[in-house]
Amino acid sequence: MQPRERLIFPLDVPNKTEAERLISLLKADVGLFKVGLELFMAEGPAFLQFLAETARVDYFLDLKFHDIPATVARAQAQIRQGPA
């Protein structure tokens, strides 16, 4: 197993712009990206399509609602804001 295959990076950011920046910096060294509740609520399923088809990275979706209180609060704020 290569070191890259052991690395999972959390995309705990509020929007696609910030996630894209991190992905472009890290995709050669990270095997898997985690998409959390806040980012998914902000960007929706289209972001997952972007990861698979455009960024061409592996990811997993972490949508637990019983999470760190600050994470849940940020996700709720994204829901209240609506689509970007």
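This text goes with the structure placed above it.
Definitions and cut-offs
Residues numbered from 1 in each chain as written. Predicted model: local features only at pLDDT ≥ 70, side-chain atom pairs only at ≥ 80, totals over all residues. Heavy atoms only, no water. Salt bridge = Lys/Arg side-chain N within 4 Å of Asp/Glu carboxyl O. Helix = DSSP H or I, 4+ residues; strand = E, 2+ residues; numbered from the N terminus. Buried < 20%, exposed > 50% of the residue type's maximum accessible area, 1.4 Å probe, protein only. Polar contact = N/O pair within 3.5 Å; in protein donor to acceptor, adjacent residues only side chain to side chain. Contact = heavy atoms within 4.5 Å. Pairing = 2+ DSSP bridges. Axes fitted to C-alpha atoms, helices over the stretch in contact; angles between N-to-C directions.

K.L.:
Mind showing me how you'd approach the pattern of salt bridges here?
P.N.:
Oppositely charged side chains are able to pair whenever their charged atoms sit close together. Using the criterion set out here, one finds 5 salt bridges in the structure. The partner of Glu-18 in a salt bridge is Arg-21, and the shortest N-O contact between them spans 2.6 Å. One end of the pair is Glu-18 and the other is Arg-21, both in helix α1 (residues 16-26) and 3 residues apart, which spans about a single turn. Classification of Glu-18 by relative accessible area gives partly exposed; the value is 27%. Given a relative accessible area of 42%, Arg-21 falls into the partly exposed group. By sharing partners, the salt bridges in this structure join Asp-12, Lys-34, Asp-62 and Lys-64 into a single network.

K.L.:
What is the right way to look at the side chain of Asp-62 in this model?
P.N.:
Position of Asp-62 among the secondary structure elements: in strand β3 (residues 59-62). Judged by relative accessible area, which is 15%, Asp-62 ranks as buried. Among the polar contacts made by the side chain of Asp-62, one reaches the side chain of Lys-64 at a distance of 2.7 Å. For Asp-62, the residues in contact, after removing those within four places along its chain, are Lys-34, Val-35, Gly-36 and Leu-37.

K.L.:
Is there a simple way to think about the sheet that holds β3 in this case?
P.N.:
Hydrogen bonds between backbone groups are what pair the strands of a sheet, and the pairing can be parallel or antiparallel. In spatial order, the strands read β1-β2-β3; together these 3 strands make up an open sheet with parallel pairing. What marks the edges here is a single partner per strand, and that holds for β1 (8-11) and β3. Across the sheet, the mean angle from the axis of one strand to that of its neighbour is 25 degrees, orientation sign disregarded. In this structure, strand β2 (residues 32-36) lies alongside β3, joined through 4 bridges in parallel fashion.

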